[in-house]
Amino acid sequence: MKKTLISVAVLSLMATPLVITSAQAQTSSTSIYGTLDNGMRYSKNAGHDNIGNAKDGRLSTNSGGLSGSHLGFVGQEDLGQGTHTIFKLEAGINTNSGELNSSSDGKFYGKKSENKSMFGRQAYLGVSNRTFGSMTMGRQYTVSYDVIKNFDPTNNLNQHQTIHHLSGYSDSKNHHNRSDATIKYEYSFANVRTLASYKPGTQVGSISNGSEMAIGMQHQNKQWGIGASYTEIGIAKIVDTAPSHAQALGKTKIFNVAGEYKMDRLKLRTGISHSKLPEVKVGAIFRHPQLAIPHKDQVGSSIFVAAWGLQYELTPRVELSLAKYTKLTYQSTNDVLMDKDRRVVMSGVYKLSKRTDIYSIIDWHSNRAGVSETNRSKNQQSISAGLRHRF
């Protein structure tokens, strides 16, 4: 009997680590998710001759026509009392080549577009609490994108240069959907989200030069929703030895607001953004291994983007949408209209299953100065079709 008790005790002690390990495993989780999207695209007036005149059409394979293809890892660990450690790593993928393809890597003062980050879409770590909200650090969505992403008329269509972004523009070319090295706080209560973020400027002698700050709010219920934000982005010289008063080159200021209204199977969506950009000379930002150098002067300007559209659920499997985007660029000093760009997008999505869709997109692009810097055609039409799978 005594030997039996000793044996039971020994077995219990041996089993204890297994029980603890099992209990610990239940408090943390990691999931893999992603989207694969590929198809074909045909564009009229896509080529150009040596002086920029439009020439012929182009047929190409199209990675990420409806949604950006990506692979992600998301996880959390329960620390007790409603507190969790949270993280997310998300990499963009070009399904035609298998290469990394993280959109919005290219920035006027940010990463070079040729330096493809492994987790260039999102890479953050943080802590969340059911009472006090969450705080995350790393590369993540900006506040200006977070508050309006649910209200974009095309669900933030991924197709390159097909839409203008309501998140605003960090410079004359790049939208402001993501930001590196950012600390973001989020708190939700009764259908209302409050967000704030700060990005250090990493400048010697100043905590404001080169920094970025933003605040935003969003409300959404079953019938309607609205979101708005304000962002300030400091532009500074990359010269650590320069006195702090000589580092600042100005600030980019972004304001945006968007919303939606639902009526049975119909969604009406609209939004506007205003980005005020400072004047920056080519030589003002010195060469640095992790920073892009502007190829020409940035004129002080104001960029206005307006969008409206509708989405209609024709059947439980078929969704149709129509949207129009207008982008106006004015010179700040005299309010002269520098550029007017318009996009109209029609799309149809057929759900083969809960995770797989086939889609078609027709878009029109109009600009009196030319549809691109090298193409002087005033109009361009394109059609895309593809397959999307989410896992």
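All of these numbers come straight from a predicted model, not from anything done at the bench.

A. Up close: the overall build of the protein chain. Scanning the protein chain for helices and strands turns up three helices and 19 strands. Out of the 391 residues belonging to the protein chain, those deemed buried represent 43%. Considering only contacts within the protein chain whose residues lie at least 6 apart along the sequence, 59% involve residues at least 24 apart.

B. Representation of the nonpolar core within the structure. One finds Leu66, Leu157, Leu166 and Ile361 to be the most contacted residues of the largest nonpolar core, which totals 22 residues. Elements that contribute at least two residues to this core include exactly strand 15 (301-313), strand 16 (318-331), strand 17 (337-351) and strand 18 (356-367). Ignoring sequence-local partners within four residues, the contact set of Leu166 consists of Ile148, Asp152, Pro153, Asn256, Ala258, Gly271, Ile272, Ser273, Val305 and Ala307. Ranked by size, the runner-up nonpolar core spans five residues in total, among them Ile233, Ile235, Ile254 and Val280.

C. A look at the pairing of strand 12 (residues 224-236). With nine bridges joining them, strand 11 (residues 212-220) and strand 12 adopt antiparallel strand pairing. Note on strand 12: the bridge partner recorded for Ile215 is Tyr230.

D. Fine view of the pattern of salt bridges. What the rule picks out here adds up to 12 salt bridges. Measuring nitrogen to oxygen at the nearest pair gives 2.6 Å for the salt bridge that ties Arg388 to Asp357. With Arg388 in strand 19 (residues 379-390) and Asp357 in strand 18, the pair connects residues that are 31 residues apart, well separated along the chain. Classification of Asp357 by relative accessible area gives buried; the value is 1%. In the salt-bridge network here, residues are joined through shared partners; they are Asp146, Lys149 and Lys184.

E. Spatial organisation of the pairing of strand 19. In this sheet, strand 19 lies alongside strand 1 (residues 28-43) in antiparallel orientation, the contact comprising nine bridges. Bridge assignment links Ser43 to a residue of strand 19, and that residue is Ser382. Across 11 bridges, the pairing between strand 18 and strand 19 is antiparallel. From the neighbouring strand, Trp364 faces strand 19, where its bridge partner is Gln381.

Conventions adopted
- Residues numbered from 1 in each chain as written.
- Predicted model: local features only at pLDDT ≥ 70, side-chain atom pairs only at ≥ 80, totals over all residues.
- Heavy atoms only, no water.
- Helix = DSSP H or I, 4+ residues; strand = E, 2+ residues; numbered from the N terminus.
- Buried < 20%, exposed > 50% of the residue type's maximum accessible area, 1.4 Å probe, protein only.
- Contact = heavy atoms within 4.5 Å.
- Core = buried A, V, L, I, M, F, W, Y, C linked by side-chain atoms within 4.5 Å.
- Pairing = 2+ DSSP bridges.
- Salt bridge = Lys/Arg side-chain N within 4 Å of Asp/Glu carboxyl O.

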